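Structural features, examined
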Amino acid sequence: MTRFSFLAAIALALCSGGCGPTFATDARRGLITEKECERTAYETLLDLDKAKTDEIWNAQISADEKERQINTYLALYAPARDALRALTHASRAVETAIDLYEAGKGGQVDVLAAASTLLSAALALRDAGALLKFKVPGLDVLISNVQAFTGSKSSTRELRLALAEVRS
Amino acid sequence: MSAVAIIQLVFAICMKLWAVVQSAIANRNLDAAQVLDKLHQIDAAIDSAAADLDAQHDAAVARIRQQIADMRAAQAATPGLATPPAGASTK
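Residues numbered from 1 in each chain as written. Chains lettered and ligands numbered in written order. Predicted model: local features only at pLDDT ≥ 70, side-chain atom pairs only at ≥ 80, totals over all residues. Heavy atoms only, no water.

Brief notes about the overall build of chain A
- Helices and strands together make up the secondary structure of chain A, namely 6 helices and 0 strands.
- Ordering the α and β elements of chain A from the N terminus gives α-α-α-α-α-α.
- Counting only contacts in chain A whose residues sit at least 6 apart along the sequence, the fraction spanning at least 24 positions is 74%.
- Surface accessibility of chain A: about 8800 Å² in total, with carbon and sulfur atoms responsible for 58%. (Helix = DSSP H or I, 4+ residues; strand = E, 2+ residues; numbered from the N terminus. Contact = heavy atoms within 4.5 Å. Areas by Shrake-Rupley, 256 points an atom, 1.4 Å probe, with all protein chains shown as cover.)

Things to note about the packing of helix H3 (residues 63–102) of chain A against helix H4 (residues 108–131) of chain A
All names here are of chain A.
- At a minimum axis distance of 8 Å, the contact between H3 and H4 shows a crossing angle of 165°. Taken together, the axes of H3 and H4 lie roughly antiparallel to each other. Both H3 and H4 take part in a crossing whose hand is left-handed.
- In terms of residue class, the contact of H3 with H4 is built from 23 nonpolar, 3 polar and 1 charged. (Axes fitted to C-alpha atoms, helices over the stretch in contact; angles between N-to-C directions. Parallel < 35°, antiparallel > 145°, perpendicular 65-115°, else oblique. Left-handed = near helix turned anticlockwise from the far one by under 90°. Nonpolar A, V, L, I, M, F, W, Y, C, P; charged D, E, K, R; others polar.)

Details of the packing of aromatic side chains
- Counted according to the given criterion, the structure contains 1 aromatic pair over all chains.
- If you follow B:Arg63 out to its NZ or CZ, it ends over the ring of A:Trp57, 4.3 Å from the centre. (Phe/Tyr/Trp six-rings, centres within 6.5 Å; stacked < 30°, edge-to-face > 60°. Lys NZ or Arg CZ within 6 Å of the ring centre and 35° of its normal.)

Notes on the pattern of salt bridges
- For the coordinates displayed, the defined rule picks out 17 salt bridges over all chains.
- The salt bridge partner of A:Lys52 is A:Glu55, with a shortest N-O separation of 3.5 Å. Residue A:Lys52 and its partner A:Glu55 are both found in helix H2 (residues 23–58); the two are separated by 3 residues, about one turn of the helix.
- What makes A:Lys52 partly exposed here is its relative accessible area of 28%.
- Measuring nitrogen to oxygen at the nearest pair gives 2.9 Å for the salt bridge that ties B:Arg72 to A:Glu67. On the criterion of chain membership, the pair formed by B:Arg72 in helix H1 (residues 3–77) and A:Glu67 in helix H3 is interchain, its members lying in two chains.
- Residue classification places B:Arg72 among the partly exposed positions, given a relative accessible area of 30%.
- Residues joined by salt bridges that share partners form a network here, namely A:Lys35, A:Arg92, A:Glu95, B:Asp43 and B:Asp47. (Salt bridge = Lys/Arg side-chain N within 4 Å of Asp/Glu carboxyl O. Buried < 20%, exposed > 50% of the residue type's maximum accessible area, 1.4 Å probe, protein only.)

Comments concerning the packing of H2(A) against H3(A)
Residue and element names in this part refer to chain A.
- Orientation of H2 relative to H3, taken along the N-to-C sense of each, is 165°, at an axis distance of 10 Å. For the element pair H2 / H3, the angle class is roughly antiparallel. Of the two possible hands of crossing, H2 and H3 adopt the one that is left-handed.
- The residue makeup of the contact of H2 with H3, split by class, is 18 nonpolar, 5 polar and 13 charged.

Here we look at the side chain of A:Asp49
Residues and elements named next belong to chain A.
- Relative to the assigned elements, Asp 49 resides in helix H2.
- In this structure Asp 49 is buried but unpaired, with Arg 81 as the nearest side chain of opposite charge at 8.8 Å.
- Side chain to side chain, Asp 49 and Tyr 73 meet in a polar contact 2.5 Å long. (Lys, Arg positive; Asp, Glu negative; His and termini not counted. Polar contact = N/O pair within 3.5 Å; in protein donor to acceptor, adjacent residues only side chain to side chain.)

A closer look at the interface of chain B and chain A
- Across the contact, 38 residues belong to chain B and 47 residues belong to chain A.
- Carbon and sulfur atoms supply 70% of the area buried between chain B and chain A, which totals about 3900 Å² over both sides.
- When the area that chain B buries against chain A is broken down by residue, the three leading residues are B:Leu39, B:Ile46 and B:Leu53, summing to 15%.
- Our enumeration of links across chain B and chain A arrives at 9 salt bridges.
- The shortest N-O distance in the salt bridge between B:Asp43 and A:Arg92 comes to 3.1 Å.
- Inspection of the chain B/chain A interface yields 12 residue pairs in polar contact (both at pLDDT 80 or more). (Buried area = accessible area lost by both parts, 1.4 Å probe.)

Some points on the nonpolar core
- One finds A:Ile70, A:Leu125, A:Phe134 and A:Leu139 to be the most contacted residues of the largest nonpolar core, which totals 48 residues.
- Contributing elements (two or more residues each) for this core: H2, H3, H4 and helix H5 (139–153) of chain A together with H1 of chain B.
- At 13 residues, H3(A) tops the list of elements feeding residues into this core.
- Leave out the neighbours within four places in its chain, and A:Ile70 touches A:Ile56, B:Val61, B:Ile64, B:Arg65 and B:Ile68. (Core = buried A, V, L, I, M, F, W, Y, C linked by side-chain atoms within 4.5 Å.)

This is the structure:
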């Protein structure tokens, strides 16, 4: 009887482990939400860029004034575009960290460190976007989600310490 | 209940549990695969959106720069509309 109980216990453990969401899949699910926001950000910036450049093109103003306006716009557009590019780069880095974790070549802390960089990139995009009056739909929610992800997953003391070490 | 019956019952329970485990693993893998697939689809959509943005922006800025150059060329070619030399009186 003892042997059968043992087998049943293993089966139950396997079942409960199998049914629960894995860290990699959990992280990827979060990343899907982030990437949907990222795609919306590109589409929103495209609409904004089209509207702004059309406005400058159609404006009945002198060449000098037109040049001043396009240069002013570019000075605001470039940081927003760079921040968006950095966000994409950061989210790809999270993807790679998850792949490495799954392949046994990286730890959860590497995924958290990459997610932390992603959070910084999202905050930078919010700041750069504000100057351009470029409001990314869902960005605030995304920032909260990433903060929640890094917060909940680094709830153990060991993970927090390891993450602090990576950040420093 | 005889010992054989108990063994059979426990074995049947284990088989059912194993079937549940296999099903759970299969579902989890399918779910993970679907998540991965969705991630790749969004990555492709982001690359496409980024390329569209760069193409639109570069073309629009080039068009405006050309418009400015054309305006200046037209201004220079029209007598009386040319920009006065620096320091010249506008009165």
